[in-house]
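Read off the chains here:
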Amino acid sequence: MNSSIENIEISYNAKNVKGKKLTVSSELNIDINQAWNEVQKSSLLEFVCKGKLKFKPVESDFPKYWKKDMNIKTKMLAYGFIPFGGIHSIKLIEVNPENFSVLTNEKNSIIKIWNHGIYMEKMGPTKIKYTDEIELYAGILTNFIVKWAESFYIHRQKRWKIIAEKIKTHHNTMQNMH
């Protein structure tokens, strides 16, 4: 697993501010189409965040599958029980099956900009490179938030490895039955 943090300028309220770009990547042993099917599910988000972050939608339940132009309002609970940032808005800007990518623009009362890109790249028949890329700005809390976010996305990608292993085991079991 690799992670990096770099300084960037981000436009916020019609001016440039000093933000951070966090990139966390790892290799997963999973077919890219299976991974793509999983990444679009709300159930995956809930699983990979478990233990670090819980989302509680405010207007209705999460959709079964994420789709472009959805705008979801939720409460975020750090470690499953500590309210953080009031209402957190998740707007799906892109859900692109051609290049296996998802892009969200997110924000809340503390985190002014949390642009999250998910990118998957095929490396072999059952291996992908999975990358979370986050542009983040939270005023004077930016450095603190980006360090927490780094531990959060490392946690998410470790949980992704569990999903990949379950899918592989299920696939092998199904093949052995035939």
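Refer to the structure presented above.
Overview of the structure. (Residues numbered from 1 in each chain as written. Predicted model: local features only at pLDDT ≥ 70, side-chain atom pairs only at ≥ 80, totals over all residues. Heavy atoms only, no water.)

Structural notes on the packing of aromatic side chains
Right, on to step 1. Taken as a whole and assessed by the stated rule, the structure comprises nine aromatic pairs.
Right, on to step 2. When the ring of F62 is compared with that of W66, the centres are 5.2 Å apart and the planes differ by 55°; the resulting orientation is tilted. With respect to burial, F62 and W66 carry one shared label: buried.
Right, on to step 3. With a centroid separation of 5.2 Å and 45° between ring planes, the pair formed by Y130 and W160 is classed as tilted. Remark: W160 occurs in helix α3 (residues 142–177) and Y130 occurs in strand β8 (residues 127–137); sequence separation between them is 30 residues. Both residues of the pair, Y130 and W160, count as buried.
Right, on to step 4. Among the aromatic side chains, those forming a connected cluster through ring pairs are Y79, W114, W148, F152 and Y153.
Right, on to step 5. Above the ring of F47, the side-chain terminus of R159 is found at 3.9 Å from the ring centroid. (Phe/Tyr/Trp six-rings, centres within 6.5 Å; stacked < 30°, edge-to-face > 60°. Buried < 20%, exposed > 50% of the residue type's maximum accessible area, 1.4 Å probe, protein only. Helix = DSSP H or I, 4+ residues; strand = E, 2+ residues; numbered from the N terminus. Lys NZ or Arg CZ within 6 Å of the ring centre and 35° of its normal.)

Here we look at the pairing of strand β5 (residues 82–96)
Right, on to step 1. Judged from the eight bridges that link them, strand β4 (residues 71–78) and β5 form a sheet pairing that is antiparallel. Bridge assignment links L77 to a residue of β5, and that residue is P83.
Right, on to step 2. Here β4 folds back onto β5, and the loop between the two strands holds three residues, one of which, Y79, carries a positive phi near 55°.
Right, on to step 3. Summarising the sheet, β5 and strand β6 (residues 101–107) pair through seven bridges and their orientation is antiparallel. (Pairing = 2+ DSSP bridges.)

What to know about helix α2 (residues 42–49)
Right, on to step 1. Within the span of α2, buried status applies to S42, L44, L45, V48 and C49. Viewed end-on, α2 has its buried residues packed into an arc of 155°, placing them on one side of the element.
Right, on to step 2. Two residues or fewer after α2 comes G51, characterised by a positive phi angle close to 100°. (Arc of directions from axis to C-beta.)

Quick notes on the environment of V146
Right, on to step 1. Within the secondary structure, V146 sits in helix α3.
Right, on to step 2. Sequence separation between V146 and E121 is 25 residues; the distance between their C-alpha atoms is 24 Å.
Right, on to step 3. Residues in contact with V146, not counting those within four places in the same chain, are I5, K20, L22 and L136. (Contact = heavy atoms within 4.5 Å.)

A closer look at the environment of F100
Right, on to step 1. Take F100: it is sitting in the loop between β5 and β6.
Right, on to step 2. Measuring from C-alpha to C-alpha, the distance between F100 and K50 comes to 24 Å, with 50 residues separating the pair along the chain.
Right, on to step 3. Leave out the neighbours within four places in its chain, and F100 touches I32, N33, W36, I118, Y119 and M120.

Details of a positive patch on the surface
Right, on to step 1. A surface patch of like charges, here positive, comprises K50, K54, K56 and K75.
Right, on to step 2. Residue placement: K75 occurs in strand β4.
Right, on to step 3. When its relative accessible area of 43% is taken as the criterion, K75 is described as partly exposed. (Patch = residues over 30% accessible without salt bridge, like charges linked within 9 Å, V, L, I, M, F, W, Y side chains within 5 Å. Areas by Shrake-Rupley, 256 points an atom, 1.4 Å probe, with all protein chains shown as cover. Salt bridge = Lys/Arg side-chain N within 4 Å of Asp/Glu carboxyl O. Lys, Arg positive; Asp, Glu negative; His and termini not counted. Charge placed at Lys NZ, Arg CZ, Asp CG, Glu CD.)

Brief notes about unusual backbone geometry
Right, on to step 1. Of note in the backbone geometry, N13 takes a positive phi value of approximately 50° without being a glycine.
Right, on to step 2. Assignment of secondary structure puts N13 in the loop between β1 (2–12) and β2 (15–28).
Right, on to step 3. With relative accessibility at 62%, the residue N13 sits in the exposed group.

Notes on the sheet that holds β2
Right, on to step 1. With antiparallel pairing, eight strands are arranged side by side in an open sheet as β1-β2-β8-β7-β6-β5-β4-β3. Two strands lie at the open edges of the sheet, namely β1 and β3 (53–57), each paired on one side alone. The average angle at which neighbouring strand axes cross in this sheet is 25°, direction not considered.
Right, on to step 2. Bridging between strand β7 (residues 113–124) and β8 involves eleven bridges; their strand directions are antiparallel. Note on β8: the bridge partner recorded for M120 is Y130.
Right, on to step 3. On the sheet, helix α1 (residues 32–39) packs against β5, β6, β7 and β8 and is oriented at approximately 160° with respect to β7. (Axes fitted to C-alpha atoms, helices over the stretch in contact; angles between N-to-C directions.)

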